[in-house]
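Below, each chain spelled out in residue letters.
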Amino acid sequence: MPFGLKSKKNKTGNAPGKQVQLPGKTGSEAPLALELLITIVEKSKAEFYMDIIQSYEVNFQFAAPAQGTAKAELLDYLGLTDTDKAVIFSVVRADKLDELTYTLETKFRTVRNGKGVAVTVPFTSMIGTSVYAFLCNAVSSVKGEK
Amino acid sequence: MNENSGYEMIFCIINSGFSETVMDAAREAGARGGTVIRARGTASKEAEETFGITIHPDKEVLMILVPKDIKDAVLEAVYKSAGMSTAGQGIAFSMAVNRTVGLQ
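Bear in mind the structure is a predicted one, so any value in this text is a computation, not a measurement.

K.L.:
Just checking my understanding: could you explain helix α1 (residues 46-54) of chain A for this structure?
P.N.:
In an α-helix, one turn spans 3.6 residues; hence positions three or four apart end up facing the same way. Residues and elements named next belong to chain A. Inspection of α1 places A46, Y49 and I53 among the buried residues, and these make up the whole buried set. Viewed end-on, α1 has its buried residues packed into an arc of 70°, placing them on one side of the element. Summarising the contacts, the buried residues of α1 are in contact with β2 (34-42), β3 (61-68), β4 (84-93) and α3 (97-110).

K.L.:
How should the interface of chain A and chain B be read in this particular structure?
P.N.:
The figure often quoted for interface size is the accessible area lost as the parts come together. Residue-level contacts link 24 residues of chain A with 19 residues of chain B. Considering each element in turn, the side of chain A that touches chain B owes the most residues, 7 residues, to strand β5 (residues 116-122) of chain A. Tallied by class, the residues present in the side of chain A that touches chain B amount to 14 nonpolar, 6 polar and 4 charged. Inspection of the sheet shows β5 of chain A paired to strand β6 (residues 99-101) of chain B by 3 bridges, in the antiparallel sense. Each residue of the ladder has a partner; that of T120 of chain A, found in β6 of chain B, is R99 of chain B.

K.L.:
What exactly am I supposed to notice about helix α4 (residues 129-136) of chain A here?
P.N.:
Residue and element names in this part refer to chain A. For α4, every residue scored as buried is listed here: T129, Y132, A133, L135 and C136. Seen along its axis, α4 keeps its buried residues to an arc of 165°; they face one direction. Downstream of α4 by a residue or two, N137 has a phi angle that is positive, lying close to 55°.

K.L.:
Please clarify how unusual backbone geometry should be interpreted in this entry.
P.N.:
Leaving glycine out, the prevailing phi sign among residues is negative, and the prevailing peptide bond configuration is trans. All names here are of chain A. With a phi angle near 55°, E57 is a residue other than glycine that sits in the positive phi range. Take E57: it is sitting in the loop between α1 and β3. Note on E57: 16 C-beta atoms within 10 Å, which makes it partly exposed. Of note in this structure, N137 is not a glycine but carries a positive phi near 55°. Judged by local crowding, N137 falls into the partly exposed class, with 17 C-beta atoms found within 10 Å.

K.L.:
Even after reading the chapter, I still don't get the packing of helix α1 (residues 19-28) of chain B against helix α3 (residues 68-82) of chain B, so can you show me in this structure?
P.N.:
In a pair of packed helices, the angle between the axes and the distance between the axes together describe the arrangement. All names here are of chain B. At a minimum axis separation of 8 Å, α1 and α3 run at an interaxial angle of 145°. In terms of crossing hand, the pair formed by α1 and α3 is right-handed. Residues T21, V22, A25, A26 and E28 of α1 lie in contact with α3, whose contacting residues are V74, A77, V78, K80, S81 and A82. Split by residue class, the contact of α1 with α3 holds 7 nonpolar, 2 polar and 2 charged.

Parameters and conventions
Residues numbered from 1 in each chain as written. Chains lettered and ligands numbered in written order. Predicted model: local features only at pLDDT ≥ 70, side-chain atom pairs only at ≥ 80, totals over all residues. Buried ≥ 20, exposed ≤ 12 C-beta atoms within 10 Å, placed from the backbone. Helix = DSSP H or I, 4+ residues; strand = E, 2+ residues; numbered from the N terminus. Arc of directions from axis to C-beta. Contact = placed C-beta atoms within 7 Å. Nonpolar A, V, L, I, M, F, W, Y, C, P; charged D, E, K, R; others polar. Pairing = 2+ DSSP bridges. Axes fitted to C-alpha atoms, helices over the stretch in contact; angles between N-to-C directions. Left-handed = near helix turned anticlockwise from the far one by under 90°.

Printed below as a string of structure tokens:
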């Protein structure tokens with residue numbers, strides 16, 4: 001079993017997948033915590049930021065088109081034309097977050113039209129060790145199983 | 001980057017077209033801005049019949065990042081302006097965020 005995780009049966013008595021309890025909770029603990037990174041940026045910069053995030057061993061992310069809520073008067077005052085945004089949802093390993101958030105902070109400050117906001121929300125549990133390994137990019141566990 | 005930042009993310013799931021109403025109420029309670037994602041609801045037909053309500057499938061998800069100390073006031077404002085008993089049929093909840101980037 002990868003990572004020495006203990007599998008748990010669910011309340012119905014069936015075990016459709018192995019439950020991974022993430023750190024901070026009782027029971028079997030996963031060695032690497034995961035967090036959901038939510039990044040809100042200009043629509044035109046979504047791909048740029050997704051490439052950056054992907055370089056931090058992020059295997060799963062998706063972007064949704066969105067709109068900012070700034071009032072028309074404020075946009076006129078600032079000389080802006082649209083409020084098109086993209087919200088990027090990425091599953092990131094907690095041990096990568098220091099580096100990644102530092103990079104994002106730098107890019108938000110220095111890239112033209114690259115201003116954005118990012119927040120992270122910790123995962124508390126997950127079902128399925130193979131999904132967990134995929135999200136953690138635990139390549140060694142996959143190789144070890146073969 | 002700010003760890004354990006003292007911010008919370010409020011998610012409001014509302015009928016399409018009500019994001020302005022919610023945002024106006026949230027602003028009055030101290031929120032600065034938000035981001036709207038278009039979405040579709042998936043309530044079951046049976047539940048609609050049982051509770052005697054019609055679920056408008058076109059939804060908007062409004063995400064508002066606020067300091068923890070005004071979270072309750074913003075949630076209350078959102079509930080009053082577009083709660084389940086209003087035409088907005090909104091559901092709102094908040095999640096604590098670990099880190100924030102880009103707020104300064």
